[in-house]
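# Observations on the three-dimensional arrangement
Letter by letter, the chains look like this.
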Amino acid sequence: GETSLPHQRRLAVGIDLGTTNSLVAAVRSGAPEVLKDENSRSILPSVVVYGDDGSISVGAVDSSAPLGGSVVSSVKRIMGRSLADVRAIRLPFELQADDESKGMPFIPTVQGLRSPVEVSAEILKALRRTAERALADEIVGAVITVPAYFDDAQRQATKDAARLAGIHVFRLLNEPTA
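Only a predicted model underlies this, so the values are computations on that prediction, with no experimental measurement involved.

### Considering the sheet that holds strand β5 (residues 47-50)
Backbone hydrogen bonds hold the strands of a sheet together, and the pairing may be parallel or antiparallel. Spatially, the 3 strands line up as an open sheet ordered β6-β5-β7, and their pairing is antiparallel. If you trace the sheet from one side to the other, it starts and ends with β6 (56-58) and β7 (70-73), each paired once. Ignoring which end each strand starts from, the neighbouring axes of this sheet average 20° apart. Lying over the sheet, helix α2 (residues 116-135) contacts β5, β6 and β7, oriented at roughly 105° with respect to β5.

As structure tokens, this is what we get:
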């Protein structure tokens, strides 16, 4: 039908939330384009550093800087899984349970315990900022890729991380399909 309202420009992106690296892309002028951050990097290492000073940084760890705080990487491997499920997985950080979590693994950091969902949300926030800067507008949502083997709990954990990052999930798409 016809409407008297002006055309609305609403932006959506695609996000590959990876175990090692992540990226965000959009269709621009009819072609897919991986969006670059303020340093012209298109790939964001899936690493979150919780600093002693309360700071949170996402991406590559600067090897020349003193490493104070807690570094969390490969968090996607434990998304939506119980502590019992991930005990056998070799991770570059320790895990512990929280009495109220009903078996959910938590990562001890200098800023307190963080769930895998909270860590993933930090990565997604950084990707959202990259997209909004590159597109010069607010995004309304995203399609996020997940491994085909992710079960319902892992898919829900991914959606929860996106919600914490302020991203509406239009759809979770299996990586082979994407």
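### Here's the deal with the nonpolar core
Ranked by internal contacts, the top residues of the largest apolar core, which has 43 residues, are Val13, Ile15, Leu124 and Ile144. Sorting the residues of this core by element identifies β1 (11-16), β2 (21-28), β5, α1 (83-86), α2, β11 (139-146), α3 (152-164) and β12 (169-174) as the ones contributing at least two each. The element best represented in this core is α2, accounting for 10 residues.

### Here we look at the pairing of β5
Side-chain alternation along β5 places Val47 and Val49 on one buried face and Val48 and Tyr50 on a second face that is also buried. Where β5 meets β7, 4 bridges bridge the pair, whose relative direction is antiparallel. In the strand pairing of β7, Val48 is matched with Val72. In terms of strand pairing, β5 meets β6 through 3 bridges, oriented antiparallel. Looking at the pairing, Val49 lines up with Ser57 of β6. Taken together, β5 and the strand that follows it, β6, pair antiparallel across an intervening segment of 5 residues, in which Gly54 is found at a positive phi of about 95°.

Basis of the calculations
Residues numbered from 1 in each chain as written. Predicted model: local features only at pLDDT ≥ 70, side-chain atom pairs only at ≥ 80, totals over all residues. Heavy atoms only, no water. Pairing = 2+ DSSP bridges. Helix = DSSP H or I, 4+ residues; strand = E, 2+ residues; numbered from the N terminus. Axes fitted to C-alpha atoms, helices over the stretch in contact; angles between N-to-C directions. Contact = heavy atoms within 4.5 Å. Core = buried A, V, L, I, M, F, W, Y, C linked by side-chain atoms within 4.5 Å. Buried < 20%, exposed > 50% of the residue type's maximum accessible area, 1.4 Å probe, protein only.

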